[in-house]
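# Examination of the molecular architecture
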Amino acid sequence: MYDTDLLDPIYSFLQCRTPESWIEEAKKPENLTIILQDHLLCELKAAQSALHLLRKYAVNAEGSQLLLDWFAPYEAFAYKKQGDLADLKSKNVMTKKITAKSESPYSQDLIDKMVLLIKEELHHFYQVLEIMTNRDIPYTGITASRYAKELMSHVITHEPQTLIDKLIIGAYIEARSCERFAKLAPYLDSDLERFYVSLLRSEARHYQDYLTLAQLVSPRDITDRINYWGKIEAELILRPDSDFKFHSGQPTTYS
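### Some words on the overall build of the protein chain
When helices and strands are counted, the protein chain shows 11 helices and 2 strands. Along the chain direction, N to C, the helices and strands of the protein chain fall in the order α-α-α-α-α-α-α-α-α-α-α-β-β. Against the globule reference of 18 Å for 255 residues, the protein chain gives a C-alpha radius of gyration of 18 Å, in line with a compact fold. Summarising its shape, the C-alpha atoms of the protein chain cover approximately 55 × 45 × 35 Å along the three principal directions. Here the protein chain, with 255 residues, has 53% of them falling under the buried criterion.

So, in structure tokens, the structure goes:
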């Protein structure tokens, strides 16, 4: 189905595997709407996280505006329910070069990796919406899970540690997404299985890019900090969770 070697670094990085109870809930046909809607928003939020990093740490005012314009149609759809699949068809383009802040030693590295990540996440957003449209699954909008918010609540609030922590969190979110795509894919219909498997390589690269950037920014080795975040992330995945979502913990209620 896919190259298992691709997932070995993911399994080594994460401090726990997805519980079987989550898979049992996720593979129920009646939960497909939740999975797809939450996946759609997760792709946008992943792109938005990269956008925030670029605007705060890497680009000048002109570049910041270019990024906001890039996101505008996707955010209008997700939050204002404006537009549809056809409106987004040709929107995932960056027509001008984004300029790095001259005073930042890592701006260009951040730009190179995060712009590619954004482009891929917005493409995945479009792909998920296309799947939903073809299956007559309406987009109604759902609340985000506690996962990312609780991770962010542990971020140290002084630089450069704030940036380092956010990059490591990004690595864990991408790695967990990759692990769950792989674990859930065999239980889905053939079209969805192929789609989820097709996402693995980019998600695996995203987590590695985040770690590379975190070490680039940090003046010291980040291994201890990676382990710190791994414990927090694993606790969230293993904790009982009544709100079933793509990154939720062990389900406590069943459909």
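Still more to cover.
### Some details on the pattern of salt bridges
Taken as a whole and judged by the stated rule, the model has 13 salt bridges. When the shortest N-O distance is used, the salt bridge between R205 and E120 registers 2.4 Å. Of this pair, R205 sits in helix α10 (residues 200-217) while E120 sits in helix α6 (residues 107-134), and the two are 85 residues apart along the sequence. Salt bridges sharing partners connect three or more residues here, namely E150, E235 and R239.

### Some details on the packing of aromatic side chains
In the structure shown here, the tally under the stated rule is 12 aromatic pairs. Look at F181 and Y196: their rings are 5.0 Å apart centre to centre, the planes differ by 80°, and that puts the pair in the edge-to-face class. Placement of F181 in helix α8 (residues 161-184) and of Y196 in helix α9 (residues 190-198) is noted, with a sequence separation of 15 residues between them. With respect to burial, F181 and Y196 carry one shared label: buried. Within the aromatic cluster, the residues linked to one another by ring pairs are W22, F181, F195, Y196, F244 and F246. Over the ring of Y11 we find R17; its NZ or CZ atom is 3.7 Å from the centre of that ring. Between K56 and the ring centre of Y57, over which it is positioned, the NZ or CZ distance is 5.5 Å.

### Here we look at α9
By the burial criterion, the buried members of α9 are L192, F195, Y196 and V197. On the buried face of α9, the contacting elements are α3 (32-58), α6, α8 and α10. Measuring from the side-chain oxygen of the N-cap residue of α9 to the backbone nitrogen of D191 gives 3.2 Å; that N-cap residue is D189.

### Let's talk about the nonpolar core
F13, L36, L54, M114, I118, L167 and Y196 are the most contacted members of the largest nonpolar core, which totals 86 residues. Element by element, the count of residues in this core is highest for α3, at 13 residues.

### Remarks on the side chain of R180
With respect to the secondary-structure elements, R180 resides in helix α8. Engagement of the side chain of R180 in a polar contact is seen with the backbone oxygen of S248, the distance being 3.0 Å. Aside from chain neighbours lying at most four places away, what touches R180 is T18, P19, W22, I237, K245, F246, H247 and S248.

### Description of the side chain of S107
As for its position among the elements, S107 is in helix α6. Excluding residues within four positions of it along the chain, S107 makes contact with Y57, A58, A100 and K101.

### Re α10
With 18 residues, α10 ought to run about 26 Å at 1.5 Å a step, and its terminal C-alpha atoms sit 26 Å apart, in line with that. Packed against the buried residues of α10 are α1 (8-13), α3, α6, α8, α9 and α11 (223-238).

### Quick word on unusual backbone geometry
E159 connects to P160 through a cis peptide bond whose omega is 5°. Within the fold, P160 resides in the loop between α7 (147-152) and α8. Of note, the phi angle at K81 is positive, near 55°, even though the residue is not glycine. By the secondary structure assignment, K81 is in the loop between α4 (61-80) and α5 (85-88). In this model, D136 sits at a positive phi of 55°, which is unusual for a non-glycine residue.

### Focus on the packing of α3 against α9
Here α3 crosses α9 at 30°, and the two axes come no closer than 14 Å. Classed by the angle they form, the pair α3 and α9 counts as roughly parallel. Seen from above, α3 lies across α9 with left-handed handedness. Touching L32, I35, L36 and H39 of α3 are L192, F195 and Y196, all from α9. Grouping the amino acids of the contact of α3 with α9 by side-chain chemistry returns 6 nonpolar, 1 polar and no charged.

Parameters at a glance
- Residue positions within a chain follow its written sequence, with the count starting from 1.
- Confidence filtering applies because this is a predicted model: local features only for residues at pLDDT of at least 70, side-chain atom pairs given and counted only at 80 or more, and all residues used for totals across whole chains, interfaces and linings.
- Heavy atoms throughout the structure, all of them, feed into the side-chain values; hydrogens and water do not.
- Strands here are runs of E lasting at least two residues and helices are runs of H or I lasting at least four, both read from the DSSP assignment and numbered beginning at the N terminus.
- Atoms counted for the radius of gyration: C-alpha only. Globule rule: 2.2 Å times residue count to the power 0.38.
- For each residue, the accessible area found with a 1.4 Å probe, counting protein chains only, is set against the maximum for its type, and the residue is called buried under 20%, exposed over 50%, and partly exposed in between.
- One side-chain nitrogen of Lys or Arg within 4 Å of one carboxyl oxygen of Asp or Glu is enough to make a salt bridge.
- Side-chain rings of Phe, Tyr and Trp (the six-membered ring for Trp) are treated as a pair once their centres are within 6.5 Å; stacked means planes under 30 degrees apart, edge-to-face means over 60, and tilted covers the remaining angles.
- Geometrically, a lysine NZ or arginine CZ counts as sitting over a ring once it is within 6 Å of the ring centre and also within 35 degrees of the ring normal.
- The contact rule is simple, with two residues in contact once any of their heavy atoms fall within 4.5 Å.
- Distance and chemistry together define a polar contact, namely a pair of N or O atoms within 3.5 Å, with one atom able to donate a hydrogen and the other to accept it when in protein, and with adjacent residues in sequence counting only for side-chain atoms on both sides.
- Grouping buried Ala, Val, Leu, Ile, Met, Phe, Trp, Tyr and Cys residues that are joined through side-chain atoms within 4.5 Å yields what is termed a nonpolar core.
- Here, expected helix span is obtained from the residue count minus one, scaled by 1.5 Å.
- Interaxial angle, 0 to 180 degrees, is taken between N-to-C directions of lines fitted to C-alpha atoms, where a helix line uses only the stretch in contact.
- When an angle is under 35 degrees it counts as roughly parallel; over 145 it counts as roughly antiparallel; between 65 and 115 it counts as roughly perpendicular; any other value is oblique.
- Rotating anticlockwise by less than a right angle from the far helix to the near helix defines a left-handed crossing, while the corresponding clockwise rotation defines a right-handed one.
- Three classes are used: nonpolar for Ala, Val, Leu, Ile, Met, Phe, Trp, Tyr, Cys and Pro, charged for Asp, Glu, Lys and Arg, and polar for all others, with Gly counted as polar.

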